[in-house]
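# Notes for the structure review
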Amino acid sequence: MKFIDAHAHLCHNAKGIDAIVDSGVFEQIWLMDLSGVGSLGGCEFATQEELLRTVRDYDGFFLAFGFLDLDHAVPGDIDRLRDLGFVGLKPYKQLKAYSDPAYFPLYQRAQELKMPILFHTGLIAQSTPSDGRYTHAFGPENMRPIHLAAIAEAFPELQIIGGHQGWPWMEEMEHNLYYYRNITGDISGYLRSVPKLNEILDRRVHDGTDRYFNEKLHFATDEFYGNEGSNARALRLAKFWESYFEFVGGLYYRWGRPEEQEKFFRGNAIELRSHFCK
Ligand SMILES: [Zn+2]
């Protein structure tokens, strides 16, 4: 089985991308543009041009989500991102809560253009301290999972992807997945809470569909492709999750059946993609 890595990033002057594409492990990787954020965790992010060039160079292997600057963008900027080739959007470290009505015109436009938004939720890497000139927020407060619920209710056709499942606010994310048809999520960065997955993946949702949690959560690495350590780690993460699904899920749980595993590793992402890539 090949995987879809539905939440990853690209480094400036990326190395080893051919090897990742040729590894046979992934059928597609979704790259989140964070060029508006600077650097994080020792990786300087690719520029918008580099990211779009990578998407063009590998013919369908990569999809790109554009950086959505919630505090400074106007709805027309979303049209421009779409015209540049971005299929989705990715905000980060905005100054107000995700659900602040000031951002609603942007969500409205994203919904009209059928562009999904991948929202980071919960724990974040620390950035450089405030020097009084910052244009972004600090800490995870504005990116708590619960803020996504209001957006889901106000924009029921907007595809909302919660990144990382929101630690330490796990209950908020579970609530979102349980109640809202248009909220799904990726499990990148979820390793601390793996034991919880054993139980929640087999839980039924109450969102107007007939799904289980394992049909609303999907695989992702959140790796910064293009530096050697991250490239190698992404391949090991794929192995880790494959082993977990085989040796824990496959033996003890419903979600470990082969056809259910397939949803987590690629099927749920394909279903999501069918809403924004025709
Ligand atoms: Zn990320």
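The structure reproduced in this document is the subject of the present report. Every chain is numbered independently, its residues counted from 1 as its sequence is written. Under the rules for a predicted model, residues below a pLDDT of 70 receive no local features and side-chain atom pairs below 80 are neither given nor counted, while totals for whole chains, interfaces and linings still include all residues.

## Side note on the overall build of the protein
Helix and strand labels come from DSSP, where a helix needs a run of H or I of at least four residues and a strand needs a run of E of at least two; each type is numbered from the N terminus. Scanning the protein from terminus to terminus reveals 9 helices and 11 strands. Relative to its length of 278 residues, the protein is compact, with a C-alpha radius of gyration of 18 Å against a globular reference of 19 Å. When its C-alpha atoms are laid out on the principal axes, the protein stretches across 55 × 40 × 40 Å. Sorting the 278 residues of the protein into buried and exposed places 44% on the buried side. Here, residues touch in the contact sense if the C-beta positions derived from the backbone fall within 7 Å of one another. Considering only residue pairs separated by 6 or more positions, the protein has 71% of its internal contacts joining residues 24 or more positions apart. We compute the radius of gyration over the C-alpha atoms and compare it with the globule rule, which gives 2.2 Å times the number of residues raised to the power 0.38. Here exposure depends only on C-beta density: within 10 Å of a residue's C-beta, 20 or more other C-beta atoms make it buried, 12 or fewer make it exposed, and intermediate numbers make it partly exposed, the C-beta atoms being placed from the backbone.

## Structural notes on unusual backbone geometry
Residue W167 is joined to P168 through a cis peptide bond whose omega torsion reads 10°. Following the sequence through the fold, P168 ends up in the loop between β8 (160-163) and α6 (170-179). Phi at D59 takes a positive value of approximately 40°, unusual for a residue other than glycine. On the secondary structure map, D59 appears in the loop between α2 (48-57) and β5 (62-67). Even without being glycine, K114 reaches a positive phi, approximately 55°. Tracing the backbone shows K114 in the loop between α4 (104-112) and β7 (117-120). Note on K114: 16 C-beta atoms within 10 Å, which makes it partly exposed.

## Quick notes on the pairing of β7
The side chains of a regular strand alternate, residue by residue, between the two faces of the sheet. Alternating positions in β7 separate into two faces, I117 and F119 on one and L118 and H120 on the other, with burial throughout. A pair of strands is labelled paired if DSSP reports no fewer than 2 bridges between them. Bridge count for β7 against β8 is 4 bridges, and the pairing is parallel. Bridged to F119 within β8 is G162. Assignment of crossover handedness uses the view with strands pointing away from the viewer, where a clockwise path from the first strand over the helix to the second indicates a right-handed crossover. For the segment spanning β7, helix α5 (residues 147-154) and β8, crossover handedness is right-handed.

## Notes on the nonpolar core
In plain words, the nonpolar core is the set of buried Ala, Val, Leu, Ile, Met, Phe, Trp, Tyr and Cys residues that C-beta atoms within 7 Å link up. Within the largest apolar cluster, 73 residues are counted, with the highest numbers of intra-cluster contacts made by L31, I117, I160 and F219. Ignoring anything within four residues of it in the chain, the contact list for L31 reads A8, H9, L10, L51, F62 and A64.

## Brief notes about the pairing of β5
Counting buried positions over the 6 residues of β5 gives 6, a clear majority of the element. Across 4 bridges, the pairing between strand β2 (residues 26-32) and β5 is parallel. Each residue of the ladder has a partner; that of W30, found in β5, is L63. Pairing between β5 and strand β6 (residues 88-90): 3 bridges, direction parallel. By the bridge assignment for β6, F65 is matched with G88. Viewed along the sheet, the connection from β5 through helix α3 (residues 75-84) into β6 turns out right-handed.

## What about α4?
Residues L106, Y107, A110 and Q111 constitute the buried set of α4. Seen along its axis, α4 keeps its buried residues to an arc of 140°; they face one direction. In this fold, the buried residues of α4 make contact with α3, β6, β7 and α5. This arc is taken over the directions from the axis of the helix to the C-beta atoms.

## Observations regarding α2
Taken together, the buried positions of α2 are L51, T54 and V55. In a view along the axis of α2, the buried residues occupy a sector of 100°, so they form one face of it. The outward face of α2, more than 90 degrees from its buried face, is lined by the exposed residues E49, R53, R56 and D57. If you follow the buried residues of α2, they end up packed against β1 (3-10), α1 (17-22), β2 and β5. Among the residues trailing α2, D59 stands out with phi positive, at a value near 40°.

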